[in-house]
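Understanding the architecture of this molecule
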Amino acid sequence: MLHRPARAVGAAVAAAGVLFAAGLSGSASADTRPPGQSSAPAAPTAAQTLRTADAPAGLLRAMRRDLGLNERQARLRLANEAEAGATAGRLRAALGPRFAGAWVRGAESGTLTVATTDARDAAEIRARGARAVVVRHSLASLDAARARLDRAAAHRAATDTPVRYVDVRSNTLVVQAVRPAAVPPLLAAAGVDRALVRTVKSAERPRPLYDLRGGDAYYIGNSSRCSIGFPVTRGTQQGFASAGHCGRAGSTTTGSNRVAQGTFQASVFPGNDMSWVATNADWTATPNVNGASAQVTGSTQATVGASVCRSGSTTGWHCGTVQQLNTSVTYQEGTVSGVTRTSVCAEPGDSGGSFISGSQAQGVTSGGSGDCTSGGTTFFQPINPILQAYGLTLKTATSGPGDPGDPGDPGDPGGTWSAGTVYQAGDTVTYGGAGYRCLQGHQAQPGWEPPNVPALWQRL
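Keep in mind it's a predicted model, so treat the numbers as computed, not measured.

1. Looking at the packing of helix H2 (residues 57-67) against helix H3 (residues 71-95)
Between H2 and H3, whose axes approach to 9 Å, the crossing angle comes to 105 degrees. One way to sum up the angle between H2 and H3 is to call them roughly perpendicular. Note on element contacts: H3 touches H2 through Glu-71, Ala-74, Arg-75, Arg-77 and Leu-78, opposite Leu-59, Leu-60, Met-63, Arg-64 and Leu-67.

2. Remarks on the confidence of the model for the chain
Detailed reading of predicted coordinates is not advised where the pLDDT is low. Chain-level statistics for the chain give a pLDDT mean of 85 and a share of 86% at 70 or above. Residue range residues 1-35 is modelled with pLDDT below 50. Its contacts to residues more than four positions away, or to other chains, number 95 contacts. The model gives residues 399-410 a pLDDT under 50, and that stretch makes 18 contacts with residues more than four places away or in other chains.

3. Thoughts on the nonpolar core
Membership of the largest hydrophobic core comes to 36 residues, with the highest contact counts inside it found for Leu-112, Val-114, Leu-149, Leu-173, Val-192 and Val-197. At six residues, helix H5 (residues 139-153) tops the list of elements feeding residues into this core.

4. Points about the packing of aromatic side chains
As enumerated under the stated definition, the model contains six aromatic pairs in all. An aromatic cluster of three or more residues is present, and its members are Tyr-218, Phe-240 and Phe-264. One residue, Arg-258, lies across the ring of Tyr-219, its end atom 3.5 Å from the ring centre.

5. Some thoughts on the pairing of strand E10 (residues 230-234)
Every regular strand shows the same layout, with side chains that alternate between the two sheet faces. Counting buried positions along E10 yields four of five residues, so the element is predominantly enclosed. Note: E10 against strand E11 (residues 237-242), five bridges, orientation antiparallel. Bridged to Pro-231 within E11 is Phe-240. Counted between consecutive antiparallel strands, the loop separating E10 from E11 contains two residues, among which Gly-235 sits at a positive phi close to 70 degrees. Of the pairings in the sheet, the one linking E10 to strand E23 (residues 393-394) comprises two bridges and is antiparallel in character. Residue pairing across strands places Val-232 opposite Leu-394, the latter belonging to E23.

About the thresholds
- Residues numbered from 1 in each chain as written.
- Predicted model: local features only at pLDDT ≥ 70, side-chain atom pairs only at ≥ 80, totals over all residues.
- Heavy atoms only, no water.
- Axes fitted to C-alpha atoms, helices over the stretch in contact; angles between N-to-C directions.
- Helix = DSSP H or I, 4+ residues; strand = E, 2+ residues; numbered from the N terminus.
- Parallel < 35°, antiparallel > 145°, perpendicular 65-115°, else oblique.
- Contact = heavy atoms within 4.5 Å.
- pLDDT = per-residue confidence, 0-100.
- Core = buried A, V, L, I, M, F, W, Y, C linked by side-chain atoms within 4.5 Å.
- Buried < 20%, exposed > 50% of the residue type's maximum accessible area, 1.4 Å probe, protein only.
- Phe/Tyr/Trp six-rings, centres within 6.5 Å; stacked < 30°, edge-to-face > 60°.
- Lys NZ or Arg CZ within 6 Å of the ring centre and 35° of its normal.
- Pairing = 2+ DSSP bridges.

In structure tokens form, the structure reads like this:
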């Protein structure tokens with residue numbers, strides 16, 4: 001474990017202005033009623049649902065620095081990425097097993113590409129405002145092959161092939177190898193066809209980034225330092241999510257002020273890299289990142305190619321893009337699966353910290369390679385699996401656009417949808433007598449009832 005002295009890193013942040021996306025299909029539909037008839041309120045756009053206007057000033061500054069954007073471009077990029085995620089979710093539901101992935105590109109993420117294994121889907125993809133690409137392998141088949149590699153890696157030394165992911169842009173399963181000669185034996189052990197795999201030689205040997213602070217620093221057993229990822233609640237109990245390699249269940253923590261703070265309730269590492277700490281009554285969960293006004297409003301998963309920013313106690317705010325979802329990485333301690341690979345840099349002292357995209361929580365820093373001088377790669381453990389595994393509720397700033405306390409609220413209409421539940425793309429629920437399919441993974445919260453957020457739910 002790498003021990004670092006604590007040092008305060010503040011981030012002055014402010015809410016951005018309202019912004020609508022350009023170049024991508026929005027969530028709201030045009031009113032086609034005859035003149036004189038009353039029209040229903042327009043459905044909120046994806047950018048409004050995900051509150052991209054709430055992106056903190058510190059995050060926007062980091063996007064300008066790291067992604068070479070001006071402020072207008074940074075704000076427009078976040079709005080475009082919100083719309084792209086909703087469009088990709090609808091197309092994934094429509095294409096089913098033929099879906100082969102989606103990604104955004106361009107300085108402002110103005111172009112969404114959706115891949116399919118069937119050329120007959122191209123017209124529907126283009127009708128949604130996306131670019132269509134026809135490929136050979138479905139995302140499900142490539143993910144299944146990666147899962148077989150993970151199982152094989154668990155029974156053999158895999159530190160020479162430490163990173164494995166599906167690259168949707170090239171429609172291949174990539175194995176990043178320090179020693180390429182180690183790849184064929186792994187493929188043979190997993191029973192994976194070599195034609196699916198692209199080997200990338202790299203000297204990177206990812207390791208957990210210990211002793212980190214995301215929102216605030218905390219100490220484990222009064223010695224090592226890690227980071228609060230995101231404040232959470234479990235019923236009336238308050239606490240926070242962080243990386244699993246930071247501490248084991250039963251380990252005690254103190255805060256950045258060295259005051260008694262809490263106890264690890266659960267921790268997994270390797271396999272995953274997740275944990276949560278229950279705090280004592282002296283601590284209060286807030287939706288803030290880094291103790292300032294960078295507030296989280298939800299946990300909708302960002303699309304491949306989308307911008308993502310990290311806050312850590314060693315290097316502060318840094319941004320990059322989502323490179324691959326559902327990646328597997330082998331550290332010296334073992335393999336961690338289901339992490340997200342990013343181009344964001346990090347250094348020892350940044351582990352456990354907050355990854356966010358706009359105002360949406362993404363995950364907690366796990367590990368990586370390189371540094372913030374020469375650049376690097378960082379992996380984060382997605383937040384939604386942590387919330388789901390431990391029955392936690394993410395602390396968010398406010399209710400969503402359809403807050404049940406609004407005038408005219410019809411009350412509980414019944415159904416299987418439930419606030420606090422983590423939903424994955426493809427899940428189905430009922431609400432108010434209608435069925436809905438989830439378009440993007442997220443934790444449901446009051447105000448995000450399916451009729452209110454077409455960026456997240458499609459009526460069946």
